[in-house]
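Secondary and tertiary structure notes
Okay, here's what each chain looks like letter by letter:
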Amino acid sequence: MTNSALGVLNEIYVHSANVNNAMVMTIIGIYLHAVFVSFTLGFPLAILAWLITWYRTGDALFINYSKTLTMVWAVNFALGAVTGTIVEFGLLDIWPTSILLFSSSAFIPLLYEATIAFIGEAVLVVLFMVAIGRWRARYTLSVLITAWFLGSLSGYFIITANAWMNVPWGMGEIPHSLYPFLPTYGPDAANLTATLNLAALLLHYTVDGAGSLALTSVNFTSLVGTYFNNPWLPMINPDAIVTTLHTLLAAYAIGVGAVALAISIRYFRTHDDKYIKLLKPLLWILTIVLLVEPIVLGHFMGDDVVTYQPLKFTAFTALTGGSGIYGYEYYDPLEALFAYGNPYHPLYGFQYYMSQCRSLGNLTFGELYSKLDPGMLGYLGPLINVMLSQNCEAAVLSMEPLAPLVSAFYYTMIGAGILLAIASVLVLFTYLVRVPVLSTITDFINNEILSVLIGADNVMPFLASVMAVLSAIAATAGWAAREIGRQPWTVYGLITTNEVITGDAITPGFVAFVVAILLAIAIVGVLAMYYVATRPSLLDRIRGLVEVGGHE
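Reference entry: report on the structure contained in this document. (Residues numbered from 1 in each chain as written. Predicted model: local features only at pLDDT ≥ 70, side-chain atom pairs only at ≥ 80, totals over all residues. Heavy atoms only, no water.)

A count of helical and extended segments in the protein gives 23 helices and 6 strands. Computed over the C-alpha atoms, the radius of gyration of the protein is 26 Å, within 12% of the 24 Å expected from 2.2 N^0.38 for a compact globule of 552 residues. On the principal axes, the C-alpha backbone points of the protein span a range of 75 × 65 × 45 Å. Expressed as a percentage of its 552 residues, the buried residues of the protein come to 53%. Expressed as a percentage of contacts within the protein between residues at least 6 apart in sequence, the contacts between residues at least 24 apart total 77%. Put simply, the protein shows about 23400 Å² of open surface, and 69% of that area lies on carbon and sulfur atoms. Once the 19 positive and 31 negative side-chain charges of the protein are each reduced to a mean point, those two points are 19 Å apart. (Helix = DSSP H or I, 4+ residues; strand = E, 2+ residues; numbered from the N terminus. Rg over C-alpha atoms; globule rule 2.2 N^0.38 Å. Buried < 20%, exposed > 50% of the residue type's maximum accessible area, 1.4 Å probe, protein only. Contact = heavy atoms within 4.5 Å. Areas by Shrake-Rupley, 256 points an atom, 1.4 Å probe, with all protein chains shown as cover. Lys, Arg positive; Asp, Glu negative; His and termini not counted. Charge placed at Lys NZ, Arg CZ, Asp CG, Glu CD.)

Let's shift gears to the nonpolar core. Counting 165 residues, the largest nonpolar core has Y179, F181, L201, L311 and L383 as the members making the most contacts within it. Considering every element that reaches this core, the biggest residue donor is helix α2 (residues 17-57), with 15 residues. If you look at the next biggest cluster of nonpolar residues, it comprises 5 residues, including I108, A117, Y156 and M235. (Core = buried A, V, L, I, M, F, W, Y, C linked by side-chain atoms within 4.5 Å.)

All right, on to the pattern of salt bridges then. Scanning all chains against the criterion turns up 8 salt bridges. Where D239 meets R482, a salt bridge forms, and the shortest distance between an N and an O atom there is 3.3 Å. Note that D239 is positioned in helix α10 (residues 238-270) and R482 in helix α21 (residues 459-484), a separation of 243 residues in sequence. One exposure class covers both D239 and R482, and it is buried. For D443, the salt bridge identified is with R434, shortest N-O distance 2.5 Å. (Salt bridge = Lys/Arg side-chain N within 4 Å of Asp/Glu carboxyl O.)

Next up on the list: the state of the cysteines. Enumeration over the complete set of coordinates arrives at 1 disulfide. The residue that forms a disulfide with C357 is C392, at a sulfur-sulfur distance of 2.0 Å. Where C357 bonds to C392 through sulfur, the torsion about that S-S bond is close to -60°, and the disulfide is left-handed. Taken together, the residues C357 in helix α15 (residues 350-358) and C392 in helix α18 (residues 388-399) connect sequence positions 35 residues apart. Considered together, C357 and C392 belong to a single accessibility category, that of buried residues. (Disulfide = S-S within 2.5 Å.)

Attention now moves to the side chain of R482. Judged by relative accessible area, which is 7%, R482 ranks as buried. Within the structure, R482 has its side chain in polar contact with the side chain of T243 (distance 3.5 Å). Those residues in contact with R482, other than ones at most four positions away along the chain, are N162, A163, N166, D239, T243, M301 and K312. (Polar contact = N/O pair within 3.5 Å; in protein donor to acceptor, adjacent residues only side chain to side chain.)

Right, let's talk about empty space enclosed by the protein for a bit. Evaluation of the coordinates by the stated rule reveals 2 cavities of 30 Å³ or more. In this structure, the largest cavity occupies an estimated 280 Å³ of space. Lining the largest cavity are 23 residues, and of these L178, T195, A199, L494 and I495 lie nearest its centre. Sorting the residues of the lining of the largest cavity by element identifies α1 (3-13), α8 (192-208), α16 (365-372) and β6 (495-496) as the ones contributing at least two each. Among the elements that line the lining of the largest cavity, the one with the most residues is α8, at 6 residues. Broken down by secondary-structure element, the contributors of at least two residues to the lining of the second largest cavity are α4 (99-102) and β5 (489-491). (1 Å grid on protein atoms, 1.4 Å probe; cavity = no way out; pocket = protein on both sides within 12 Å on 5 of 7 lines; lining within 4 Å. Points joined across faces, edges and corners; volume = space filled by probe spheres on them.)

A separate point is α18. Compared with an ideal rise of 1.5 Å per residue, which puts 12 residues at 16 Å, α18 spans 17 Å between its outermost C-alpha atoms and is within 8% of the ideal. Where burial is concerned, most of α18 is hidden: 11 out of the 12 residues are buried. (Expected span 1.5 Å × (residues − 1).)

It is worth spelling out a nonpolar patch on the surface at this point. Residues W284, I288, V292, I295, V296 and F300 make up a contiguous nonpolar surface patch of about 530 Å² in total accessible area. Tracing the sequence through the fold places W284 in helix α11 (residues 274-308). Look at W284 and you get partly exposed, because its relative accessible area is 38%. (Patch = residues over 30% accessible without salt bridge, like charges linked within 9 Å, V, L, I, M, F, W, Y side chains within 5 Å.)

A separate point is the packing of α2 against α11. The interhelical angle for the contact between α2 and α11, taken along N-to-C directions, is 125°, at an axis separation of 9 Å. On the basis of their axis angle, the class for α2 and α11 is oblique. In this structure, α2 crosses over α11, and the sense of that crossing is right-handed. For the pair formed by α2 and α11, the contact residues are L45, A46, A49, W50 and T53 on the first element and L278, P281, L282 and I285 on the second. (Axes fitted to C-alpha atoms, helices over the stretch in contact; angles between N-to-C directions. Parallel < 35°, antiparallel > 145°, perpendicular 65-115°, else oblique. Left-handed = near helix turned anticlockwise from the far one by under 90°.)

This part covers the layout of surface pockets. Approximately 900 Å³ is the volume attributed to the second largest pocket. What lines the second largest pocket is a set of 26 residues, among which A262, R266, Y530, A533 and T534 lie closest to the centre. Among the elements of the structure, α2, α3 (60-94), α10 and α22 (508-533) are those that each provide at least two residues to the lining of the second largest pocket.

The subject of this paragraph is the packing of aromatic side chains. For the coordinates displayed, the defined rule picks out 23 aromatic pairs. Here Y179 and W489 contribute two aromatic rings whose centre-to-centre distance is 4.9 Å and whose plane-to-plane angle is 70°, an arrangement assigned as edge-to-face. Note that Y179 is positioned in the loop between α7 (174-178) and β2 (185-188) and W489 in strand β5, a separation of 310 residues in sequence. Both residues of the pair, Y179 and W489, belong to the buried class. When the centroid spacing of 5.0 Å and the interplanar angle of 70° are considered together, the rings of W489 and Y492 count as edge-to-face. (Phe/Tyr/Trp six-rings, centres within 6.5 Å; stacked < 30°, edge-to-face > 60°.)

Packed helices, taken two at a time, are described by the angle their axes make and the gap between the axes. Running from amino to carboxyl end, helix α19 (residues 403-432) crosses helix α20 (residues 438-454) at an angle of 100°, the nearest separation of the two axes being 8 Å. Judged on the interaxial angle alone, α20 and α19 are roughly perpendicular. Contacts between α19 and α20 pair V425, L426, F429, T430 and Y431 from the former with L438, S439, T442, D443, I445, N446 and L450 from the latter. Here the contact of α19 with α20 is built from residues that sort into 7 nonpolar, 4 polar and 1 charged. (Nonpolar A, V, L, I, M, F, W, Y, C, P; charged D, E, K, R; others polar.)

Cis geometry marks the peptide bond from Q487 to P488; its omega dihedral reads 10°. Looking at the element boundaries, P488 is found in the loop between α21 and β5. A positive phi angle, near 55°, is found at H271, a position not held by glycine. For H271, the location among the structural elements is in the loop between α10 and α11.

Among the residues of α15, those classed as buried are F350, Y352, Y353, M354 and C357. Tucked inside the fold, the buried residues of α15 contact α12 (310-316), β4 (347-348), α18 and α19.

Take a look at the structure:
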């Protein structure tokens, strides 16, 4: 590859300083939002478990704690809305090319998220605060379950938009034409000429300094037009379905786990048996979720990566594949068994993808656009003599330095998932159901090993705490592996990260300012939730004040 071609492609595939700075605050913002969203989705399940127990037993302990957690849920819902707004503004302001997604593949999901799911959930959260402890069980539970369902539906719509960035379903053969190692992404719902004209504009402005400035071109609309013809296709993206189930269950585990952790900590401090009573209904949810999510859905998520994001899969195995991932192929019986169902199947290294790139021959961007739309030749600039194979190779090479980091997150997630499954089994067969042989084994581990180490009374809250902490670790590492593994692309195989970033300078000082605001929101949010969590009768007092005000 010539130095001039290498220089041009580096502008496209090697993160600019603006991208590196922007990523810091974007990552913190998204994770902060994800924490609040996870609590919003998990807390209703904890309330549901306690309310059902209250209806069955009549024990006031459960309704009292349900009311307290309802107040925490309401505060957390507000924090989720605040941080979600910040994230959305961040996407538009810091990554302005994202507007192309909002107006095409993400339009339908985000429209329904805003107009149906989010608004409906907000209304029902308030209605539930009115209903709990006053309305009949079937009405109260119906409101709670519907609010939880709409919150989950909101998650589905947002994750659908994100899934399209990982697997651009409906782009058909276009990504494969540019990067031959990629598969076909569903039916051909994209206008080839419009898509390549869009690519030319983004490339041109990226080489000039900022790809997002392409949207300011007065000729943008006439040159690109409609490039994606079926905005409904992202809704049936195979990756969206699997990712939604996987992510939602992870969120449920984090939300319910946070409640279980708080209850366990109170037990460790007081040794009051009421906390053990509160913990048991939560363990049912945690155990079921944590047995299904990492084992069943985790497997299907892995299949999606192998099928639709092969370069990411190679990066996943960097720590176990060693130097083999940088060759043509290598062998890893365990990964091959899970990926292909055959432990002897070779795994592909980066040189395999490079050889796939070379199958594009010597065709240059100039020759390609001469055939498709000669009017775009003027926008190619120095890219006009760059070969498509060189462009493909640059994409592969840009992934190599990130592979160890992606792999570290991937195996952290796998390790946490394995420990979660073990902890869930120990809880299930000792504390929730009795099954011959299995319960004998888990009883031995819990009562003869763990109880000796930490005390017999502490085993169950200890396991609950482990499940809570590991759920957060697994989810954090898994999402990092998913998003970092998508690099160098914002939309896999189509739009690079450098093509999306704003043209305005993202300085370290600005990043520090935004991060300080996000941290302030996090601290104030945690303090607010702690305040309401330690005021058991707060909901009744607020309802009393509202009623007095209404009568006056």
